[in-house]
Amino acid sequence: MPNKKYIYFVDVTNRDGVQTSRLGLAKLQKTIINLMLDDIGITQSEFGFPTTRHEINYLNGNLELVDRGVITKTKLSGWMRGIEEDVLLSFQNVPRLKFVNLSVSTSDQMIKGKFGGKKTRDDIIKSTNKALDTAIACGAQDIGVNAEDASRSDIEYLITFGLEAKKHGAKKFRYCDTLGYDDPISAYERISKIAQATKMDIELHFHNDLGMAAGNSVMGAKAAVDAGVNAYINTAINGMGERAGNADLISCLLGVLKSSGMHGKYEIDPNIDLSKTWKLAKYTAYAFGIPIPINQPATGANAFAHESGIHADGALKDRLNYELYDYAELGRGEPEIVETGRMITTGEYGGIKGFRNVYEKMEIEFQDEDEARNILELARYANVHTQKPLTQSELKFIYYYPDIAAKIMTVTPYYMPTGNLKKRVDNNFITQPHLFV
Ligand SMILES: [Zn+2]
């Protein structure tokens, strides 16, 4: 077929996932997630916030990994509000950004509720168009416009918003079900209308407040492809994300590949290798410090467990009796080695001997003492940074890319006293003892 359309995947763990209340990731962990997404062949990683000061070194460091050919398949894209000042600041902070998503509120609820009656629907379109022109002038190659609260937005307005954005260079329309309001049928119908009217590739961004994020994503993707455009499903690993989370990456992949209405009829990004997803799910659970729920599709401890008599008997005779897909397809099934005797680890207060022992086990040898001591310093710092025992992937990353490891872990707090703070500093008020504990 000449104009074959695909279902691509944009993982937003490093942007939406880290917005999760009370949870977050260190820059080294975000970097390892980008590398693992690339290893799987996920189409795009929305890797962070270019307007945020503490992200700057991390974002630039990861783009250097692209330049060095370390990240080869996954496109790294930045998220920002769809206003000119955010675009300018983003490209000032991260000049080599090529892929961006500009987020704009499109529902009347948000236009009124957020801007206090000062902005109209037309104002929103005008400022978005200006932001798009600016992004192109700054060197953006691929821009998506995000319609925030799209599921509560007037469909005709969404179409006008999309068409105007397209005229100003937007390549993709992100349909954001910000509150998790859609159901699979409404998702299909609304996406279908937008795709047919705009002929833009559609990003499907669904939240899980009603437990339907994965189903909505799959049906939204089906609608886009049925309408003759590409679909880009937005996901988070292990369904992380604000409130009840975003659409889970592996559930969406499996929903397209294995469900009765999709299986064999729709194709995902051919780069994607499902067999590496288990490793990513495990690492992400560790990095967030949130275990994978026992009944999580595909990755939960019980996803392939059978106990009741009839099920166990049936699964033993032929797994297809009670399993839709095999654990090996996800890369599960390897025995896990847990050290039960002496264990040497390396960390923020670790010394050179234990550190060398840890790297020897990974078959990495240091050429001289200087190299070992330098990498040890970085590993110590990495442990200060993540506050968790370092994984083999993290230790290897530090060894192979010490300059980038040092860069992404460098965060300089903003401290330039002005206004009242300056008065406190000038009056030596900050040097006096205060009771705060
Ligand atoms: Zn979101």
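For the structure itself, look to the data block above.
Attention here is on the structure that accompanies the text.

About the thresholds
Residues numbered from 1 in each chain as written. Predicted model: local features only at pLDDT ≥ 70, side-chain atom pairs only at ≥ 80, totals over all residues. Helix = DSSP H or I, 4+ residues; strand = E, 2+ residues; numbered from the N terminus. Rg over C-alpha atoms; globule rule 2.2 N^0.38 Å. Buried ≥ 20, exposed ≤ 12 C-beta atoms within 10 Å, placed from the backbone. Contact = placed C-beta atoms within 7 Å. Pairing = 2+ DSSP bridges. Right-handed = clockwise from strand over helix to strand, strands pointing away. Core = buried A, V, L, I, M, F, W, Y, C linked by C-beta atoms within 7 Å. Domains from an automatic or database assignment. Axes fitted to C-alpha atoms, helices over the stretch in contact; angles between N-to-C directions. Parallel < 35°, antiparallel > 145°, perpendicular 65-115°, else oblique. Left-handed = near helix turned anticlockwise from the far one by under 90°. Nonpolar A, V, L, I, M, F, W, Y, C, P; charged D, E, K, R; others polar.

Next up on the list: the overall build of the chain. Within the chain one finds 16 helices and eight strands. Taking 2.2 N^0.38 as the reference for a compact globule, 437 residues should give roughly 22 Å; the C-alpha atoms of the chain span a radius of gyration of 24 Å, in line with that estimate. The dimensions of the chain, computed from C-alpha atoms along their principal axes, are 80 × 65 × 45 Å. The buried share among the 437 residues of the chain stands at 43%. Sequence-distant contacts, at least 24 apart, represent 74% of the contacts inside the chain between residues at least 6 apart.

Turning to the pairing of strand 3 (residues 75-81), a few remarks are in order. Burial within strand 3 is extensive, with five of its seven residues counted as buried. Across four bridges, the pairing between strand 2 (residues 44-48) and strand 3 is parallel. Following the sheet pairing, Gln44 is matched in strand 3 by Lys75. One crossover worth recording links strand 2 to the parallel strand 3 by way of helix 2 (residues 56-67), and it is right-handed. Of the strand pairs in this sheet, strand 3 and strand 4 (residues 99-105) are connected by five bridges, and their pairing is parallel. Paired with Met80 across the two strands is Leu102, which belongs to strand 4. Regarding the hand of the β-α-β motif, the stretch spanning strand 3, helix 3 (residues 84-93) and strand 4 is right-handed.

Looking now at the nonpolar core. Of all hydrophobic cores here, the largest spans 108 residues; its most connected members are Ile191, Ile202 and Ala231. Residues lining this core come from more than one domain, with at least three contributed by each of domain 1 (7-288) and domain 2 (337-437). Setting aside anything within four residues of it in sequence, one finds Ile191 in contact with Tyr175, Ile202, Leu204, Gly220, Ala223 and Ala224.

With that settled, consider the packing of helix 13 (residues 369-386) against helix 14 (residues 392-400). Remark: helix 13 packs on helix 14, axes separated minimally by 10 Å, with the N-to-C direction vectors making an angle of 135°. Taken together, helix 13 and helix 14 sit at an angle that is classed as oblique. The way helix 13 lies across helix 14 gives a crossing that is right-handed. Counting all contacts with helix 13, which are made through Ile375, Leu378, Ala379 and Ala382, the residues of helix 14 involved are Glu394, Leu395, Ile398 and Tyr399. Per-class residue counts for the contact of helix 13 with helix 14 are seven nonpolar, no polar and one charged.

Shape descriptors only; they carry no functional weight alone.
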